[in-house]
There are 4 protein chains.
Amino acid sequence: MTLHFALLGAGRIGKVHAKAIYANPDATLAAVADAMPGAASDIASHYGCEVRSIEDIELAADIDAVVICTPTNTHADLIERFVRAGKAVFCEKPIDLSLDRVRECLRTVESTGGKLMVGFNRRFDPHFAAVRKAIDEGAIGDVEMVQIISRDPGAPPADYIAVSGGIFRDMTIHDFDMARFVLGEEPVSVFATASVLTDPEIARLGDYDSVSVVLTTKSGRHCSISNSRRASYGYDQRLEVHGSTGSVAIENQRPISVEIATRTGYTRPPLHDFFMTRYTDAYAAEIAAFVEVVKNGKAPSPNGQDGLMALALAEAALQSVKEGRAVAVSEILG
Amino acid sequence: MTLHFALLGAGRIGKVHAKAIYANPDATLAAVADAMPGAASDIASHYGCEVRSIEDIELAADIDAVVICTPTNTHADLIERFVRAGKAVFCEKPIDLSLDRVRECLRTVESTGGKLMVGFNRRFDPHFAAVRKAIDEGAIGDVEMVQIISRDPGAPPADYIAVSGGIFRDMTIHDFDMARFVLGEEPVSVFATASVLTDPEIARLGDYDSVSVVLTTKSGRHCSISNSRRASYGYDQRLEVHGSTGSVAIENQRPISVEIATRTGYTRPPLHDFFMTRYTDAYAAEIAAFVEVVKNGKAPSPNGQDGLMALALAEAALQSVKEGRAVAVSEILG
Amino acid sequence: MTLHFALLGAGRIGKVHAKAIYANPDATLAAVADAMPGAASDIASHYGCEVRSIEDIELAADIDAVVICTPTNTHADLIERFVRAGKAVFCEKPIDLSLDRVRECLRTVESTGGKLMVGFNRRFDPHFAAVRKAIDEGAIGDVEMVQIISRDPGAPPADYIAVSGGIFRDMTIHDFDMARFVLGEEPVSVFATASVLTDPEIARLGDYDSVSVVLTTKSGRHCSISNSRRASYGYDQRLEVHGSTGSVAIENQRPISVEIATRTGYTRPPLHDFFMTRYTDAYAAEIAAFVEVVKNGKAPSPNGQDGLMALALAEAALQSVKEGRAVAVSEILG
Amino acid sequence: MTLHFALLGAGRIGKVHAKAIYANPDATLAAVADAMPGAASDIASHYGCEVRSIEDIELAADIDAVVICTPTNTHADLIERFVRAGKAVFCEKPIDLSLDRVRECLRTVESTGGKLMVGFNRRFDPHFAAVRKAIDEGAIGDVEMVQIISRDPGAPPADYIAVSGGIFRDMTIHDFDMARFVLGEEPVSVFATASVLTDPEIARLGDYDSVSVVLTTKSGRHCSISNSRRASYGYDQRLEVHGSTGSVAIENQRPISVEIATRTGYTRPPLHDFFMTRYTDAYAAEIAAFVEVVKNGKAPSPNGQDGLMALALAEAALQSVKEGRAVAVSEILG
């Protein structure tokens, strides 16, 4: 018998998860809810599921799990409601923009014995996962220095930026999670520098578009992160881990691998232009992992604590930019 | 309203097409037939469709199109039956091992006004398709010389080889079709040499495992094809087209793009180990193209004539091996 | 004490060897001869050596070895004169355009006990040499199928083509030697097809610009060669050897490895545009190998017999084009 | 008439420059001096030049230029002596480990009207130079973010580290210069973190082996530098510049480009294992540039000021490590 899923939030990322749930042979997309009825009914008609209210889903006996894709400011409330309702919960990052609110929410999850998985999709990408696997298998010895480059084809709309919590909580947070995924030790210190190079409007909104971060761990491992909101050549997502006996790296994925050679040189097409096409396989694997949690009682990973830690690194980075110094993670976590 | 498809043949390639039909939003897999009831019911239960007999499907008013994945010796008969029954037909290559039988079958298709599309899946692979697109856009000028390398991870089982019609009709036929897809002119002459290098059992069956072919066109374009039934490093599928102002090439696809560097060098994982994982996207695009044929009356491509021509090149190659000379295609086609 | 070399022929390839001799710590370029006094004196002033006549060099007690870079129709005569004069001889390919003349010349070399090395420079390129080394070390098991692609940036001048002996003796001859270098067995059969695609003037001269060749050995190994006189993107020189347990390949060398990514894609510069920059290291290693022959009595390799065999394959290819059939090498060698 | 050069210091890097001078058609290596007579006479006999004392060279009328390759603590003194003696001076980096001493030395150079070029060889590597050229040609728009990865195959001997001035002045200094070469603006702020991960002996010497640096410029451009003294896979030297309309990158150079594919994957050999083989072309181009300075009066580049600025960045990095904050370059330069 397949698991019955409800989707909360039928926007861009909601559609991504709807597709992944539909394609998973162990899951059935049973219901969808959204404040915009049109968005919900689009998904409902496409995948043959029902439009329901959040309240109905909360009370429904036939729903095993919910996937939360609503705006960030509703995440913590919905997590709490649905773990209390006994549903397994998958929630898109971040849990909340406030560390205190995240902590409170995680306490609720813990006290109810609920299951919460957080949406850091890159861990499930087969290429990023292969890096972690190589490390785990000892292919490069002890991890020493990590390089993460992550650049978007273009900045999101101004109204999104305005409520995003800023580039560190919205974009770099994926890289903070990836750093933790491969470093093998918790970062203890964060230095960040940030500027606006692509669009003055971003500065007006109090945010940045170009970011460099250095994380360090207790034993002296480093991780460098480089972010830009603008990469003319597409969605740039790279990772390299340098270890004591070797190094492991992944290159960018290309939708088409053709190369044309002429008098002026050799040319390959640009990268993927969107995270949805780049991470199609990752979203499918992420839902499959959540199915394992719901169906077979596997411990959720990444979990609420992973969500909290990535957010704490974002907070530390923001403070580092303001103060021009390395900020200890312990200053943030208290 | 979606189109209703029936699948004839629930073996290895039948499963590939079942999955592609299921995932296509414009198609519904309504029925499946197979001489082995267990194979049919596996697909039926997995995708929620009915097991029916071929006769039932032939008479069914609710079936728009059939996808023929049965053994080769049944293809021509089934094509004739189903075009007469007014169904659109997609048939796996080859139409038949006998050129005369193929011709007869195509006459029936023509006289009934039926629609027949033939399964040369590589044309639908986004990478191969990008080569053709580059040529069509004039990126390399006039086509001059084509190189096709195509090697399987390992030979099929002996009982498959025994009924396959031999490597030229079974394996090289894909390359003959690809050559025609990109050469821009019909081949007029075929030279082939063939040997057994991987397994003496293949020689015992009267077949070859290692093949080199040179095709030439009227204006003097060349195409080289290199096949082996055994490539230790995976499913090797390459194409390069050299033109008057440039060259276009595709590299092998890799399931995982990670690279590990150590004292002994830089290592990447092997290629795909199977055509099904390598050509997942191609099979989906192929079914989508067939949907266009059925739904919107688009002319089938590749069609029966394409199937005939690829087979004729295979015949010419076989004769060339026997006689040690270049064989004119006109000798085969009469 | 360094060896004293004389250079016969101060043209394009003569200059390449002059530079390699000059840079070799075990060799001194002592003399240069050329029918054009200006060409000889250019080299003499650049490298501080003497201009002498061929007769002087022949009689000189202070010359250990000669490097023959004169026009092809003088090669055999000069080889004979200088082995008789007791000098070690390095001669550019081909020894002669006539197989009979080559045989006669080699008999003289043998009867005098002279030392003759023939200039197939690619064997000394570190990348091509690494392919052979990988085979020798067993990295790919038994050799099965070889692919050679070799394309020039542009055709030589018409007056060169007129006396070149044709593309097979002038250009493909390098690939015939490379095939022999890596096949591990002598080719027994040659099929070739040839056409003119780049310039009708080449047809008027009775030559071809586009060539496809298939060689086979007794045990059934194949080698495919693809040549064109025109590659818009530079000097294209590739080799791949497929074996029973693996495959080894070399990619084209690039003078600059930079890659630029923009909205329209990723672009790398073209290849080397000339054999002299592409094979700088090979020419140095070739002279170093000849020094070993002269100084330490090492057996010359490639030797006269290698020159003969490559020419025989060229003859067979030419006959194959004319007769449209595979030609046995034994038909040529008698 | 060629220029006459004297080499001061016949150690490892001295040999590199001796070879480059010898091969340069516009330069003659006339003299060599070294505190170790054996080292000097080795070079003298190999290249046919004289062993002289530094005093002799200082007074010699026949010497146009000197190349200083002596230990760092003698650099500033020798620069001053030889500009006063009217010789053009090329000096290996760094000019001195003390900023004050460097400033004093540069004042002397200025007051004498002498010519001083400083040895940052990477600017002359054709691949690094191509990055700068792409920027200058506008291929990537405005520079925004620079990534430099530079890792040695292994740490130098302990006694070298002890007098090296530490990793920032010895190794990262090349990357500081490269950052300045491509950033298009002076760095105004430096953050660095450093640790010992490869060998505790390095910690005992008060140095580091693993370094991450972030530089920022006034307009908000960033440069990340990642250094390690140990890379198992060879001499790792990469650069990538991300701009407003594109990105330009260079990959590592490989001595052999062969790739072997087997059941376990695709393997390429390691990188160069030494800076001398990796940068052979750069050293030749560097000497050629110095010849231009001496012969044609071209302004030296990189010059003394470039040497000073790279050292100032090294000082700032060291202070940043100690204080855990971004250090303004103005704090160092005063």
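Residues numbered from 1 in each chain as written. Chains lettered and ligands numbered in written order. Predicted model: local features only at pLDDT ≥ 70, side-chain atom pairs only at ≥ 80, totals over all residues. Heavy atoms only, no water.

In the annotation of an unreviewed UniProt entry, chain A is listed under the name Myo-inositol 2-dehydrogenase and assigned to Hoeflea marina. In its Sequence similarities (unreviewed entry) section, the UniProt record describing chain A reads: "Belongs to the Gfo/Idh/MocA family." (UniProt positions renumbered as here; feature names shortened; annotations may be inferred.)

**Student:** Would you take a moment to explain the domain arrangement of chain A for this structure?
**Tutor:** In many analyses, interface size is given as the accessible surface area lost on bringing the parts together. Residue and element names in this part refer to chain A. Once the domains are mapped, chain A shows domain 1 (3-114) and domain 2 (123-281 + 310-333). The distance between the C-alpha centroids of domain 1 and domain 2 comes to 27 Å. At the interface, eleven residues of domain 1 touch 15 residues of domain 2. Taken together, both faces of the contact between domain 1 and domain 2 bury some 1,000 Å²; the carbon and sulfur share is 69%. Looking at the side of domain 1 facing domain 2, the largest losses of area belong to Lys93, Leu97 and Leu99, adding up to 52% of the total buried there. For the interface between domain 1 and domain 2, the tally reads one salt bridge. One salt bridge in this structure joins Asp170 and Lys93, with 3.7 Å as the shortest N-O distance. Where domain 1 packs against domain 2, one counts three residue pairs in polar contact (both at pLDDT 80 or more). Only helix H1 (12-23) and helix H5 (99-112) provide two or more residues apiece to the side of domain 1 that touches domain 2. (Domains from an automatic or database assignment. Contact = heavy atoms within 4.5 Å. Buried area = accessible area lost by both parts, 1.4 Å probe. Salt bridge = Lys/Arg side-chain N within 4 Å of Asp/Glu carboxyl O. Polar contact = N/O pair within 3.5 Å; in protein donor to acceptor, adjacent residues only side chain to side chain. Helix = DSSP H or I, 4+ residues; strand = E, 2+ residues; numbered from the N terminus.)

**Student:** Is there a simple way to explain the interface of chain D and chain A in this structure?
**Tutor:** The interface of chain D with chain A comprises 38 residues on the first partner and 38 residues on the second. Across the chain D to chain A interface the summed buried area is about 2,800 Å²; carbon plus sulfur atoms make up 54%. Ranking the residues of chain D by area buried against chain A places Met145, Leu197 and His242 of chain D at the top, with a combined share of 17%. Inspection of the region where chain D meets chain A yields six salt bridges. As a salt-bridge pair, Glu144 of chain D and Arg230 of chain A come within 2.4 Å of each other at their nearest N and O atoms.

**Student:** Which parts of the structure should I look at to understand the UniProt feature "domain: Gfo/Idh/MocA-like oxidoreductase N-terminal" (unreviewed entry) in chain A?
**Tutor:** Mapped onto this structure's residue numbering, the UniProt feature "domain: Gfo/Idh/MocA-like oxidoreductase N-terminal" (unreviewed entry) falls at residues 4-120 of chain A. Taken end to end, residues 4-120 of chain A has its terminal C-alpha atoms 22 Å apart, with 48% of it in helix and 23% in strand.

**Student:** Help me understand the relation of the copies chain D and chain A in this model?
**Tutor:** What relates the pair of chain copies is a rotation about an axis plus a shift along that axis. Superposition record for chain D on chain A: RMSD 0.0 Å, screw rotation 180°, translation along axis 0.0 Å. Overall, the copies show the geometry of a two-fold rotation axis. Of the C-alpha atoms belonging to chain D, the one lying closest to the rotation axis is found on Arg325 of chain D, 1.9 Å away. (Least-squares fit on C-alpha atoms with pLDDT ≥ 70 in both.)

**Student:** Whenever I open this one, the side chain of Ser150 of chain D confuses me. Can you help?
**Tutor:** Locating Ser150 of chain D in the fold gives a position in strand S7 (residues 143-151). When sequence neighbours within four positions are dropped, the list of residues in contact with Ser150 of chain D reads Arg122, Met171, Asp175, Ser226, Asn227, Ser228, Asp236 and Gln237 of chain D.

**Student:** I keep staring at the relation of the copies chain A and chain B and nothing clicks. Help me out?
**Tutor:** With an axial shift of 0.1 Å and an RMSD of 0.0 Å, the rotation relating chain A to chain B amounts to 180°. A share of 100% of interface residues in chain A that are also interface residues in chain B marks the association as one of identical surfaces.

**Student:** For this particular structure, what's the right way to read the interface of chain A and chain B?
**Tutor:** Facing 25 residues of chain A, the contacting portion of chain B comprises 25 residues. Summed over the three residues of chain A that lose the most area to chain B, namely Ser257, Val258 and Ile260 of chain A, the buried surface amounts to 24% of that side. Run the count over chain A and chain B and you get zero salt bridges. Run the count over chain A and chain B and you get eight residue pairs in polar contact (both at pLDDT 80 or more). Mapped by element, the contributors of at least two residues to the side of chain A that touches chain B are helix H6 (126-136), strand S12 (246-250) and strand S13 (259-262) of chain A. Residues belonging to the side of chain A that touches chain B are distributed by class as follows: 15 nonpolar, seven polar and three charged. Strand direction decides the pairing type here: S13 of chain A and strand S12 (residues 246-250) of chain B, joined by four bridges, are antiparallel. Paired with Thr262 of chain A across the strands is Gly246 of chain B, a residue of S12 of chain B. (Nonpolar A, V, L, I, M, F, W, Y, C, P; charged D, E, K, R; others polar. Pairing = 2+ DSSP bridges.)

**Student:** Any chance you could explain the sheet that holds strand S4 (residues 65-68) of chain C here in plain terms?
**Tutor:** Through backbone hydrogen bonds, the strands of a sheet pair up, either in parallel or in antiparallel fashion. Residue and element names in this part refer to chain C. Strand order in the open sheet formed by six strands is S3-S2-S1-S4-S5-S6, and the pairing between neighbours is parallel. On the outer flanks of this sheet lie strand S3 (50-51) and strand S6 (116-119), each paired with one strand and no other. Where S4 and strand S5 (residues 88-92) come together, four bridges link them in parallel fashion. Bridging across to S5, Ala65 finds its partner in Ala88.

**Student:** Please clarify how the UniProt feature "domain: Gfo/Idh/MocA-like oxidoreductase C-terminal" (unreviewed entry) in chain A should be interpreted in this entry.
**Tutor:** This chain's UniProt record puts "domain: Gfo/Idh/MocA-like oxidoreductase C-terminal" (unreviewed entry) on residues 132-329 of chain A. As annotated, residues 132-329 of chain A comprises 38% helix and 28% strand, and the C-alpha atoms at either end are separated by 24 Å.

**Student:** Could you clarify how one ought to interpret helix H11 (residues 280-296) of chain C in this entry?
**Tutor:** Owing to its 3.6 residues per turn, the α-helix brings residues three or four apart onto one side. Residues and elements named next belong to chain C. Its 17 residues give H11 an end-to-end C-alpha distance of 24 Å, which sits within 8% of 24 Å, the value for a rise of 1.5 Å per residue. Within the sequence span of H11, burial applies to Ala282, Tyr283, Glu286, Ile287, Phe290, Val291 and Val293. The first or second residue beyond H11 is Gly297, which carries a positive phi of 70°. (Expected span 1.5 Å × (residues − 1). Buried < 20%, exposed > 50% of the residue type's maximum accessible area, 1.4 Å probe, protein only.)

**Student:** Would you explain the sheet that holds strand S6 (residues 116-119) of chain B in this entry?
**Tutor:** Residue and element names in this part refer to chain B. Taken together, six strands build an open sheet; the order of strands is S3-S2-S1-S4-S5-S6 and the sheet is parallel. Each edge of the open sheet carries a strand with a single partner, namely strand S3 (50-51) and S6. Sheet topology note: the strand S1 (residues 3-8)/strand S4 (residues 65-68) ladder contains four bridges and is parallel. When the sheet's bridge partners are listed, Leu7 is paired in S4 with Val67. In this fold helix H2 (residues 37-47) packs onto S1, strand S2 (27-33) and S3, with an angle of close to 155° to the strand it touches most, S2. Sheet strands in contact with helix H4 (residues 75-84) are S1, S4, strand S5 (88-92) and S6, and its direction is about 170° off that of S5. (Axes fitted to C-alpha atoms, helices over the stretch in contact; angles between N-to-C directions.)

**Student:** So what exactly am I meant to see when it comes to the packing of aromatic side chains here?
**Tutor:** How two aromatic rings sit relative to each other is set out by the distance from centre to centre and by the angle between their planes. Under the counting rule described, the total for this entry stands at 36 aromatic pairs over all chains. On the basis of an interplanar angle of 65° and a centroid distance of 6.4 Å, the ring pair of Phe275 of chain B and Tyr283 of chain B is categorised as edge-to-face. You can call Phe275 of chain B buried: its relative accessible area is 15%. Residue Tyr283 of chain B is classed as buried on the basis of its relative accessible area, which comes to 5%. Taking 6.3 Å as the distance between ring centres and 40° as the angle between the ring planes, the aromatic pair formed by Phe128 of chain C and Tyr279 of chain C counts as tilted. Within this pair, whereas Phe128 of chain C is found in helix H6 (residues 126-136), its partner Tyr279 of chain C is found in the loop between helix H10 (275-278) and H11, the two being separated by 151 residues in sequence. In this structure, Phe128 of chain C and Tyr279 of chain C share a single accessibility class: buried. What links up through ring pairs into an aromatic cluster is the set Tyr22 and Tyr47 of chain A together with Tyr22 and Tyr47 of chain B. Its end group placed over the ring of Tyr266 of chain D, Arg254 of chain B keeps NZ or CZ at 4.1 Å from the ring centre. (Phe/Tyr/Trp six-rings, centres within 6.5 Å; stacked < 30°, edge-to-face > 60°. Lys NZ or Arg CZ within 6 Å of the ring centre and 35° of its normal.)

**Student:** Can you help me understand the packing of helix H8 (residues 167-183) of chain A against helix H12 (residues 304-323) of chain A in this one?
**Tutor:** Residues and elements named next belong to chain A. The geometry of H8 relative to H12 is characterised by a closest axis approach of 8 Å and an angle of 120° between their N-to-C directions. One element, H8, and the other, H12, form an angle in the oblique class. The interaxial crossing formed by H8 with H12 has right-handed handedness. Where H8 approaches H12, its residues Phe168, Arg169, Ile173, Phe176, Asp177 and Arg180 are matched on the opposing element by Asp306, Met309, Ala310, Leu311, Leu313, Ala314, Glu315, Ala317, Leu318 and Val321. Partitioned by chemical class, the residues of the contact of H8 with H12 number eleven nonpolar, no polar and five charged. (Parallel < 35°, antiparallel > 145°, perpendicular 65-115°, else oblique. Left-handed = near helix turned anticlockwise from the far one by under 90°.)

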